[in-house]
Amino acid sequence: MEAFKKILSKTAPLPLENVDTDQVIPARFLKATTREGFGENLFRDWRFNTDGSVKEDFVLNNVTEATILLAGKNFGCGSSREHAAWAIHDFGFKVVVSSFFADIFKNNALNNGVLPVQVSSEFLQQLFDAVEQNPEQKIAVDLEDQLISIEETSKSESFEINAYKKHCLLNGLDDIDFLISKKKEIEEFENKAIA
């Protein structure tokens, strides 16, 4: 995984509540077992018409260079499919911001290099308002300081993250990489247990 410290980016605002994982990546696209290629079908039924033509008014078809997805409350509910996190990451998002995440989605995101930033409902609305007023508005997400802020106004809010997952993201480690990084300590422990 790529190490995550701090990003400053435009956002793709998706002010919809209760977005479930089938809307994120429809079940008919879950045929692959590797993580690559899912981004092209992210929000497939919202991004494209049934004939495959692009829906010009959908936000992801109009925003470029955004690595932050700004989402409504209860993002990632529904099934536990890890493919939803894969699709978000493969599309190019590094952060998803919401006032509430489904637990399984939140863990899947963290395990796949996507930072779920949970903020208060009030601050989420401030973020949406700032982006509506200026679509070029940039948002800063600082993982080390656990702070999200609006560049233009400097309004900010802190966010929580599991200390282990924070360590992994800051160092670009998945769970296996973390275990490998502890190989020496594990071997020393085993040797003491055998002795």
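Residues numbered from 1 in each chain as written. Predicted model: local features only at pLDDT ≥ 70, side-chain atom pairs only at ≥ 80, totals over all residues. Heavy atoms only, no water.

### Notes on a nonpolar patch on the surface
- Taken together, Ile176, Leu179, Ile180 and Ile186 make up a surface patch of nonpolar side chains, about 380 Å² in accessible area.
- With 3 residues, the top contributor of residues to the nonpolar patch is helix α7 (residues 175-181).
- Topologically, Ile180 is positioned in helix α7.
- Take Ile180: its relative accessible area is 56%, and that puts it in the exposed class. (Patch = residues over 30% accessible without salt bridge, like charges linked within 9 Å, V, L, I, M, F, W, Y side chains within 5 Å. Areas by Shrake-Rupley, 256 points an atom, 1.4 Å probe, with all protein chains shown as cover. Salt bridge = Lys/Arg side-chain N within 4 Å of Asp/Glu carboxyl O. Helix = DSSP H or I, 4+ residues; strand = E, 2+ residues; numbered from the N terminus. Buried < 20%, exposed > 50% of the residue type's maximum accessible area, 1.4 Å probe, protein only.)

### Here we look at the sheet that holds strand β7 (residues 156-158)
- Spatial ordering of the open sheet is given by β4-β3-β2-β1-β5-β6-β7, a layout of 7 strands whose pairing is mixed. Each having just a single partner strand, β4 (115-118) and β7 make up the two edges of the open sheet. Strand-to-strand twist across the sheet, computed as the mean angle between neighbouring axes with direction ignored, equals 30 degrees.
- For strand β3 (residues 95-98) and β4, the ladder comprises 4 bridges, and the chain directions are parallel. Each residue of the ladder has a partner; that of Val97, found in β4, is Val117. (Pairing = 2+ DSSP bridges. Axes fitted to C-alpha atoms, helices over the stretch in contact; angles between N-to-C directions.)

In short, shape yes, function no, at least from these values alone.
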